Every structure is written in structure tokens, then in C-alpha cells.
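# Structural features, examined
What follows is the residue order along each chain.
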Amino acid sequence: MMRHFLWCGSKEGRGLHWVSWEIVTTPKKVGGLGISKIEDINSALLAKWAWRYKTDIDGMWRKVVLSIHGGRNRWTFLPVKVAGCWKKIVVFLDKLVLNGKGLKFWIKGKIGNGENILFWKDIWYGCVPLMDRWPGLYSKEVIRNCVVRDRIQPDGSEGMGLNNNWRIEATTVESISEMQDVQEMLSKVCFSGGKDNWVWEADSSGVFSLASVKKLLQLGRNLQSNNEMRWALWVPIKVNIFMWRLEKDRIPTRLALLKGNISIPDSSCPLCEATPESAGHLFVDCGYSFGVWQAVWSWCRIAQPMVSNIHEMMKLPRLGKQKKWYKRILRGILMIVCWAIWKTRNKKVFEGSSSKVVEVVALVKSLSFFWLKNRSNFKRLEWKDWLVNPIYIL
Ligand SMILES: [Zn+2]
């Protein structure tokens, strides 16, 4: 009906398309007609389920969902276990990006008594879940679905302290620096009393609305090119968040640890042992990483680009007039290269084992194959063709 009205379609022909659908659905402020796309309305309605799940604590339907899907440690934002309608919703919501950020980043917990907000998985301190902020500590956590009250509690008159249930010991450089961040967190948070609350960050009222979701979807389409970090949905969220931290220079390289007054015996790059290890060095300038990049670019059939810092590197997939999926695949591969370099670097630092450049390149090829095949619609991806050139499928 909307189409007919706007595009004066008739039975004989389709009529003239006076305006493109994109313009029709662009908000009025930006010069459009402000009519919501059907897809956007659908996304907004589904997003509401996430909001209701978080806020409707006593709802019967929520208890049913939790009894069917809860329990196991694997889910993150919303519980999911068995196939069915709820799972479809959760899978959709996991991929829903609103103005550059995943849906869950818009729903923030406000601690009351700490009994309903998940300590590791919900966002309630800072802007990412603590499982992503402190991956070293999280990997040692036994009860991954614990709530805030299970891990921290008021500590006399002095603010907050760790709960007796906290059994995680920091043993690596990474987790020691994470523990310092935990201490800082304890000095900043408190239980305000009463029930835990949720804030919908996209609206100044803090309350979820369908209109605000639609607005974010629209903004996302208009402002797509303003920041360098864009999500690659076929790549797992942990890798996306790693890239986000990398862009913000929040990766615990040796130089970053030194700047944070954490004493370490050696500040040189673990991979080349030649230069102090900053993020810019490790991912761009390092001779070892250069070898990895060189192999990956030639695999992608791209001439080695000249980049001098991380921001320029992140911009690469957006340059040129390639197809949408060409850029998406390239962006994902770029993320996976950084991820693989970081993994390799950590293996050297924490386990003392060195990898060859070819092994890192092989890891990039296999991770990217596995994720693209399982997390996108390219189900027919073939390993032997992938090895020759990742863009072959287009
Ligand atoms: Zn190096």
C-alpha cells in the first residue's frame, strides 16, 4: 500500500519512481519523508523483546524463557539454548546493529541491589560487558552467569569490596592489569538500593521506545562513514570488540602497561624484539606483522597498501568502489589478522612459544573461512577455493 501511494503504481505499469525508497524513509530533518521502513519496524518490535526480557523481571513469559534457555554458561546477552522461536529472535538481536553499535550496548544496567544484573554479561560499568573488558579474569570465572551481588558487596563504610565468592587469582600480566581496573571499578560503583534498573541509552528518558530504535537504524544508514571502526557481523563479537579497543588504543601492550605504571622487565616487542611495543608498532610497523600482512594482501590479490598507523589501516576496506560484500569480507579479514597477531603475541608472552609467519597466515585463513561459512549466507564456501583467493565467492 505504501508503495502504491508513493510510487503512483498502476495496474498497467509500475509508473514513475519519483523518489527512491531510501529518501522516502530518511528522517524529515535530513530531508526525507520520515516514513519507517517495514524492516525497521520489524527490527524495532523484535528489539523490544530484549528490553522486555531485561526489565520485566517478574513476567511469567520471562520465567518460561529462562527455564527453557537459561542455565548453561554459553549465552551472553539473552539466554538461548534450544531451537525455536525464541532462538530465532535472539540470533536476530545478536546481529542487530543500531547506529554502529550492537543492540545490547544500548541497554545499560543501573545497580540497585545487584540481584538482577549479570556481573560479566550485562553492561553496567563502562561501555562493554566486563567479560570483554577483563577477558583474562573472565576465563577463570566458574559461574559465568553470576549477578553483580554475587561478586561485589558493600565493604563497611568504605564503599564496595569483592565478595567472598570471588575466587579468581590474577596470575598473568594481563589479569594483573585487569585486577587494577577492578579496584578502580570498586571505588566508583555503589548499590543505590531497591531493584536493579535498566536504562535505554538511546532516549533521554531512559525508556525503550520503538521510535528511538527506528531513529537509530536510520542514523546508522546516514552516518555510516563517519567513524573508522565498523562492525563485521560475520566475525565474532569478541573480535569486533578487540578492534574497537585497538582503535581506542586500549590494548595492554608493553608500552601501554608501562604508561599505566605497571612494571614489566622488558618493553620490547615480543614478536621482533627490536622496538618498544606499542599498538601502532605491533599491528603496523613490526617486521614480523609486516610479513603476515604481506602474505594476506597477496592472498586477497591486493597490492600492498601503504599505511602509517592503525586508523589508516582500519580505513582500508572502505576505500575503492568495490561491492558491498567485497568490503565486508575484507574488513573482517583485516580484523582477523589483527586478532591473530595479538593471539600470537600473547602466546609468545605467556607461554613462551614462538610461531612462524606462515602459521599466523594459516590461522587467519582458517578462522576467516570458518566464521564466514558459519556466520553468513555463504554456506557453500569451499576450503580449497578459499585458500586460493577469499574473494572468489563474489
Ligand atoms: Zn615488533
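Calculation notes
Residues numbered from 1 in each chain as written. Predicted model: local features only at pLDDT ≥ 70, side-chain atom pairs only at ≥ 80, totals over all residues. Helix = DSSP H or I, 4+ residues; strand = E, 2+ residues; numbered from the N terminus. Buried ≥ 20, exposed ≤ 12 C-beta atoms within 10 Å, placed from the backbone. Contact = placed C-beta atoms within 7 Å. Core = buried A, V, L, I, M, F, W, Y, C linked by C-beta atoms within 7 Å. Axes fitted to C-alpha atoms, helices over the stretch in contact; angles between N-to-C directions. Parallel < 35°, antiparallel > 145°, perpendicular 65-115°, else oblique. Left-handed = near helix turned anticlockwise from the far one by under 90°. Arc of directions from axis to C-beta. Pairing = 2+ DSSP bridges. pLDDT = per-residue confidence, 0-100.

## So, the overall build of the chain
Scanning the chain from terminus to terminus reveals 18 helices and six strands. Counting the 394 residues in the chain, one finds 30% classified as buried. Residue pairs in contact within the chain that sit at least 24 positions apart in sequence constitute 59% of those at least 6 positions apart.

## Topic: the nonpolar core
Core analysis: the largest hydrophobic core is formed by 37 residues, its most contacted members being Met335, Ile336, Val337, Cys338 and Val364. Where this core is concerned, the elements lending two or more residues are helix 11 (237-247), helix 13 (279-285), helix 14 (287-299), helix 15 (310-315), helix 16 (324-351) and helix 17 (357-375). Ranked by residue count, the leading element in this core is helix 16, at eleven residues. The contact partners of Val364, leaving out residues within four places of it in the chain, are Val296, Ile333, Ile336, Val337 and Ala340.

## Quick notes on the packing of helix 16 against helix 17
Close contact between helix 16 and helix 17 brings their axes to 9 Å; oriented N to C, the two are set at 130°. Regarding the angle of helix 16 to helix 17, the classification is oblique. In this structure, helix 16 crosses over helix 17, and the sense of that crossing is right-handed. The segment helix 16 lies against helix 17, with Ile329, Gly332, Ile333, Ile336, Val337, Ala340, Ile341 and Thr344 engaging Val360, Leu363, Val364, Leu367, Ser368 and Leu372.

## Overview of helix 11
Taken residue by residue, helix 11 has Val239, Asn240, Phe242, Met243 and Leu246 as its buried positions. For helix 11, the buried positions fall inside an angular range of 160° around the axis, keeping them on one side. At its buried positions, helix 11 is contacted by helix 13, helix 15 and helix 16. Downstream of helix 11 by one or two residues, Asp249 has phi in the positive range, about 55°.

## Digging into unusual backbone geometry
For Glu273, which is not glycine, the phi dihedral falls at a positive 55°. Counting through the fold element by element, Glu273 comes out in the loop between helix 12 (254-259) and helix 13. Assessed through the 11 C-beta atoms surrounding it within 10 Å, Glu273 is described here as exposed. Even without being glycine, Arg301 reaches a positive phi, approximately 60°. Tracing the backbone through its elements, the reader meets Arg301 in the loop between helix 14 and helix 15.

## What about the pairing of strand 6 (residues 197-200)?
The side-chain alternation of strand 6 yields one buried face, formed by Trp198 and Trp200, and one unburied face, formed by Asn197 and Val199. Strand direction decides the pairing type here: strand 3 (residues 107-110) and strand 6, joined by four bridges, are antiparallel. Paired with Lys110 across the strands is Asn197, a residue of strand 6.

## What to know about the environment of Ser212
Assignment of secondary structure puts Ser212 in helix 10 (residues 210-222). Spatially, the C-alpha atom of Ser212 lies 9.8 Å from that of Glu201, the residues being eleven residues apart in sequence. Setting aside its immediate chain neighbours within four residues, Ser212 contacts Trp200, Ala202 and Asp203.

## Observations concerning the confidence of the model for the chain
Averaged over every residue, the pLDDT of the chain is 84; residues scoring 70 or more account for 88%. Predicted confidence for residues 1-19 stays below pLDDT 50, and this span has 13 contacts to residues more than four positions away or in other chains.

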